[in-house]
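Spelled out from the first residue to the last, the chains are:
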Amino acid sequence: MRLGIIGLGRMGANMTRRLMRSGHECVVFDRSAEAIKALTEEGAQGVASLQDMVTALPAPRAVWIMVPAAAVDLIIEELRPLLKKADVLIDGGNTHYHHDIRRARELKQDGIHYIDVGTSGGVLGLEQGFCLMIGGETQTVARLQPVFAALAPGGSVSAQGTAGQGYLHCGPAGAGHFVKMVHNGIEYGLMAAYAEGFNILERADAGLTARGNNAETAPLSDPELFKYRFDIPAIAELWRHGSIVASQLLDLTAAALAADPQLAKFVGRVADSGEGRWTLQAAIEEGVPAHVLSAALYERFASRDGAEFANKLLAAMRFGFGGHIEKQ
């Protein structure tokens, strides 16, 4: 197929490369001329404007958008008057599924189809393939199946259809991003569990250091039980082989620790791009508990000093009722 791709960041560029490896023709656009140049040198057709992209694509056109969620509506606003009936817009970023439902409804008025594709794979997707969670009309999704198959890891069709190949039509408009939203909420929880577990291992030498003998320090009940100095990178590597907690996230953790056991280049301020929040909002509306996912999200807030004022208040209250001075 001949496909337009807007947005050539880490994901968009590698998706373009993977598609071209499978024989698809890609017409690419990005605000960065350097990004366009890099893909053009690898075989893509670069264009200088969205108008040029639409002109370069045969009807009915398919245009895949890979830009930050906040920019998608701006792109669609510019593209909409350029597109014709039966053309397809695909949003592969991390969009809130509410917007997918609205966009599909609005674009349908012009006969333009809209597909939402939750895309997972990160920087590893070029070689390993991208997991695709797809929402939209059945016939339109079927029309784009060669594109999805090329991007996905591949495998065999199972009782769950194409899920075994790494892509799945999850339902109507918004369904793909709803599934990706929950996927990322789970990711928050998994990441937090690894981080907390390794932190406990890192502090297992607490009995080897003086903790202070004062009212501001909770004593160890038995320091003899905490005199381990573990090789954290080695444990991470160990768990990758035969352990039930082995995963791609653990692979990345082990690689980071092997490169820098003290993680010196990181300050520990963990961002969130919205999916964890949206997952919790959905859980609240559905009336289902999500204890782990909420704790993981709030921990990210805390990492960015979101709890600083609350912690100051706690210190102030302890000083007020007990004269407790904060430890430096």
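Here, the structure is the one placed above.
Residues numbered from 1 in each chain as written. Predicted model: local features only at pLDDT ≥ 70, side-chain atom pairs only at ≥ 80, totals over all residues. Heavy atoms only, no water.

Draft legend 1. Structural detail: the overall build of the protein chain. Counting secondary structure elements, the protein chain contains 14 helices and eight strands. C-alpha extents for the protein chain along the principal axes are approximately 75 × 45 × 45 Å. Burial status across the protein chain gives 39% buried among its 328 residues. The contacts in the protein chain between residues at least 6 apart in sequence include a share of 63% that link residues at least 24 apart. Carbon and sulfur atoms make up 58% of the accessible area of the protein chain, which totals about 18300 Å². Of the charged side chains in the protein chain, 30 are positive and 36 negative, and the gap between their average positions amounts to 2 Å. (Helix = DSSP H or I, 4+ residues; strand = E, 2+ residues; numbered from the N terminus. Buried < 20%, exposed > 50% of the residue type's maximum accessible area, 1.4 Å probe, protein only. Contact = heavy atoms within 4.5 Å. Areas by Shrake-Rupley, 256 points an atom, 1.4 Å probe, with all protein chains shown as cover. Lys, Arg positive; Asp, Glu negative; His and termini not counted. Charge placed at Lys NZ, Arg CZ, Asp CG, Glu CD.)

Draft legend 2. Main features of the packing of helix α12 (residues 275-286) against helix α13 (residues 291-303). Axis separation between α12 and α13 bottoms out at 10 Å; the angle between their running directions is 140 degrees. Note on packing geometry: the crossing formed by α12 with α13 is left-handed. Seen from α12, the contacting residues are Gly276, Arg277, Thr279 and Leu280; seen from α13, they are Leu293, Ser294, Leu297 and Phe301. In the contact of α12 with α13, the residues fall into four nonpolar, three polar and one charged. (Axes fitted to C-alpha atoms, helices over the stretch in contact; angles between N-to-C directions. Left-handed = near helix turned anticlockwise from the far one by under 90°. Nonpolar A, V, L, I, M, F, W, Y, C, P; charged D, E, K, R; others polar.)

Draft legend 3. Broad picture of the sheet that holds strand β8 (residues 167-171). An order of β3-β2-β1-β4-β5-β6-β7-β8 is seen for the eight strands of this open sheet, with the pairing classed as mixed. Each having just a single partner strand, β3 (45-46) and β8 make up the two edges of the open sheet. In this structure, strand β7 (residues 131-135) lies alongside β8, joined through four bridges in parallel fashion. Residue pairing in the sheet places isoleucine 134 in a bridge with histidine 169 of β8. Here helix α5 (residues 97-108) sits on the sheet in contact with β5 (88-91) and β6 (113-120), set at roughly 155 degrees to β6. The strands touched by helix α9 (residues 175-202) are β5, β6, β7 and β8; relative to β6, the strand with the most contacts, the crossing angle is about 20 degrees. (Pairing = 2+ DSSP bridges.)

Draft legend 4. Molecular detail of α13. Spanning 13 residues, α13 covers 18 Å between terminal C-alpha atoms, matching the ideal 18 Å at 1.5 Å per step. Residues of α13 that are buried sit in contact with α9 and α12. Where α13 terminates, the next one or two residues include aspartate 305, which has phi positive at roughly 70 degrees. (Expected span 1.5 Å × (residues − 1).)

Draft legend 5. Just helix α1 (residues 10-21), in detail. For α1, spanning 12 residues, the distance from its first C-alpha to its last is 17 Å, which sits close to the expected 16 Å at 1.5 Å a residue. Among the residues of α1, Gly12, Ala13, Asn14, Met15, Thr16, Arg18, Leu19 and Met20 are the ones counted as buried.

Draft legend 6. Spotlight on the environment of glutamine 51. One can find glutamine 51 in helix α3 (residues 50-56). Residue classification places glutamine 51 among the partly exposed positions, given a relative accessible area of 40%. A C-alpha to C-alpha distance of 13 Å links glutamine 51 and aspartate 30, two positions 21 residues apart in sequence.

Draft legend 7. The nonpolar core, seen in detail. Counting residues in each nonpolar core, the largest one holds 53 residues, and the members touching the most others are Ile6, Trp64, Leu79, Leu89, Ile90, Ile115 and Phe148. Those residues in contact with leucine 79 that sit more than four places away from it in its chain are Ile6, Leu50, Val54, Val63, Ile65 and Leu89. Membership of the second largest hydrophobic core comes to nine residues, among which are Phe198, Leu201, Ile235 and Ala236. (Core = buried A, V, L, I, M, F, W, Y, C linked by side-chain atoms within 4.5 Å.)

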